[in-house]
Amino acid sequence: MPVQPANSGHASPLAPEWLTVPADLNALQEPMWAQGVQKNDAGELAIDGIPVSELKAQFGTPLFVMDEADFRARARSFKDSFDAAFADICGGVDVYYAGKSFLCTAVVKWVEEEGLRLDTASGGELAVAARAGIDGARVALHGNNKSDAEINRALDMGLGRIVVDSLDELERLAKIAAGRGETAKVMLRLTPGVHAHTHEFIATAHEDQKFGLSMAGDTTEQAGLSAAEEAVAAATSYASIDLLGLHCHIGSQIFEPDGFALAAEKLLRFLAAMQKKYSIVMPELDLGGGYGIAYTPVDTPRPAAEIAQAMAAVVRSTCADLGIKSPRISIEPGRAIVGSTTFTLYEVGTLKTVRVDAPATGTAESAGTGPENVTHPRRYVSVDGGMSDNARPVLYDADYSAILASRTSEAPPQLSRVVGKHCESGDIVVRDVYLPEDVAAGDLLAVPGTGAYCWALSSNYNYLARPGVVAVRDGSARLIVRGETEEDLLNRDMGV
């Protein structure tokens, strides 16, 4: 059987169609990297002037490396862009950073200092917010199954909004608040039936999933009422509930604006109908987040200003059509702020190359005489982390990229698969990437775009300690989340 040379320099038939051989394997491909990341004169990856070899020596690997200035700039960009776009509509926008993407006390403080608010999804995230000292009035709580303890904590902290996900939760919240002699500020999360162009597991506005109150009719015990309308009616009847408005979130990692526009229009029309029918005013409307970032060179994220202008146009025209005053708009970017601020630094361990059969190109098959298989090499590059620090590839088939970080190489490109050290065949960090042929044990690799949902989803599978998170600013690196030790893991083991 013919064999394709490993270092031909041509795109491998084993690679996905979108992946092409970079013109320069040593160059950083935009827009996957934070602003402060570059190659230094020695050809080594550096962040704000600090080479990765120094970070490795000081903090070890794996390691999450975050550009603090880049985080702050992205946060300001969302706040400034949306305020400008909605200034004439509702006086600006309340931007809630979606803490589920990545949260620690340092990030909470950055968020508050840049004029944003904070969105949480659990009692644990509320605990981080409380420790950071943020004003509870600037915090929201999400969740489809909030415990009584989480609801009480939200009320203790004087949260600015509790986003209610079901009729059952609304009734329970009303009862708890009444028992405390308090009034809970509530947003109702609706499912507008918008099908976002994203992975099934991160699309959250279609009917058949766990989140929100359906806007479709005949979905409750009250014939003819949707769950969403029944919730509006119930909320207005509870003395302990202050109904602020409506909320929706159509999914994550979305590039096309159509879904956001359709959801905004549907919620505004529903809000107008409910205000008229029940003689109420709902002063707020949260349009969620889900804006995509670049994980690979072919991803094309939209600038915050472009997103803001597109959404403002829909809100402006819909409100004019309905003859209503626009509610105060809020949004919830998380990944779009933190995702590209961070890369993960790994050390290379073992390497091996396997042979995989694939149809030949330009041979008998193209000549119409029948298929002929050619054996192509695929190299596996193992690193000292894996699915315990980035579960997204195994959860969502997420694609990432990688670069040789510790040096420059003039070696030809080799199709590679970056894998972790866990006892799982699905433990893949980067499914397909071209790396220099001479990558060897001891080299450092950097995977960009790991700021969102990597540390947050990390685990101790195979008893690996979770990595630390380093923030770099003004040429100085500091730990903002300490990496775990084996002693940390063993401390919870209570013995026999």
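Let us look at the structure shown here. The model shown is predicted, which means the values in this text are computed figures rather than measured ones.

**Details of the side chain of Thr375**
Piece 1. Its location among the elements puts Thr375 in strand β15 (residues 373-383).
Piece 2. Using a relative accessible area of 9% as the deciding quantity, one classes Thr375 as buried.
Piece 3. One polar contact links Thr375 to Asp357, side chain to side chain, over a distance of 3.1 Å.

**Comments concerning the pattern of salt bridges**
Piece 1. In total, this model carries 30 salt bridges according to the counting rule given.
Piece 2. Among the salt bridges present, the one from Asp156 reaches Arg180, with a minimum N-O distance of 2.6 Å. Of the two residues, Asp156 sits in helix α5 (residues 148-156) while Arg180 sits in helix α6 (residues 167-180), which places them 24 residues apart along the sequence.
Piece 3. Residues Glu484 and Arg466 are paired through a salt bridge, measuring 2.7 Å at the closest nitrogen-oxygen approach. Placement of the pair is Glu484 in the loop between β21 (476-481) and α12 (486-491) and Arg466 in the loop between β19 (444-448) and β20 (468-473), with a sequence separation of 18 residues.

**Quick word on the packing of helix α3 (residues 105-113) against helix α4 (residues 123-132)**
Piece 1. The geometry of α3 relative to α4 is characterised by a closest axis approach of 9 Å and an angle of 65° between their N-to-C directions. Of the possible angle classes, the one that applies to α3 and α4 is roughly perpendicular. Between α3 and α4 lies a crossing whose hand is right-handed. Along the contact surface, α3 presents Thr105, Val108 and Lys109, while α4 presents Val128, Ala129, Arg131 and Ala132.
Piece 2. Class assignment of the residues belonging to the contact of α3 with α4 gives a composition of 4 nonpolar, 1 polar and 2 charged.

**Some words on the nonpolar core**
Piece 1. With 110 residues, the main nonpolar core has Phe82, Phe86, Tyr97, Phe102, Leu188 and Ile480 as its most contacted residues.
Piece 2. If we ignore the near neighbours within four places in the chain, the residues touching Leu188 are Val164, Leu213, Ala231, Val232, Leu243, Gly245, Leu246 and His247.
Piece 3. One finds Leu55, Ile403, Leu444 and Val470 within the second-largest nonpolar core, a separate group that totals 21 residues.

**What about the pairing of strand β6 (residues 117-120)?**
Piece 1. Burial of the side chains of β6 extends over both faces: Arg117 and Asp119 are buried on one face and Leu118 and Thr120 on the other.
Piece 2. Crossover β6 to strand β7 (residues 139-141) through α4 is right-handed.

**So, the sheet that holds strand β3 (residues 50-51)**
Piece 1. Taking strand neighbours across the sheet as the criterion, the 3 strands line up as β1-β2-β3 in an open arrangement whose pairing is antiparallel. Each of the sheet's edge strands pairs with one partner strand only, and the pair in question is β1 (37-39) and β3.
Piece 2. Pairing of strand β2 (residues 45-47) with β3 involves 2 bridges; the strand directions are antiparallel. Within β3, the residue paired with Ile47 across the bridge is Ile50.

**A word on unusual backbone geometry**
Piece 1. Pro31 follows Glu30 through a cis peptide bond whose omega is 0°.
Piece 2. Looking at the secondary structure, you find Pro31 in the segment before β1.
Piece 3. Thr61 connects to Pro62 through a cis peptide bond whose omega is -5°.
Piece 4. The backbone of Asp48 shows a phi angle near 50°, a positive value even though the residue is not glycine.
Piece 5. Residue position: Asp48 is located in the loop between β2 and β3.
Piece 6. On the basis of relative accessibility, which here comes to 36%, the residue Asp48 falls in the partly exposed class.
Piece 7. Look at Tyr463: it is not a glycine, yet its phi comes out positive at around 60°.
Piece 8. Along the chain, the position of Tyr463 falls in the loop between β19 and β20.

Conventions adopted
- Residues numbered from 1 in each chain as written.
- Predicted model: local features only at pLDDT ≥ 70, side-chain atom pairs only at ≥ 80, totals over all residues.
- Heavy atoms only, no water.
- Helix = DSSP H or I, 4+ residues; strand = E, 2+ residues; numbered from the N terminus.
- Buried < 20%, exposed > 50% of the residue type's maximum accessible area, 1.4 Å probe, protein only.
- Polar contact = N/O pair within 3.5 Å; in protein donor to acceptor, adjacent residues only side chain to side chain.
- Salt bridge = Lys/Arg side-chain N within 4 Å of Asp/Glu carboxyl O.
- Axes fitted to C-alpha atoms, helices over the stretch in contact; angles between N-to-C directions.
- Parallel < 35°, antiparallel > 145°, perpendicular 65-115°, else oblique.
- Left-handed = near helix turned anticlockwise from the far one by under 90°.
- Contact = heavy atoms within 4.5 Å.
- Nonpolar A, V, L, I, M, F, W, Y, C, P; charged D, E, K, R; others polar.
- Core = buried A, V, L, I, M, F, W, Y, C linked by side-chain atoms within 4.5 Å.
- Right-handed = clockwise from strand over helix to strand, strands pointing away.
- Pairing = 2+ DSSP bridges.

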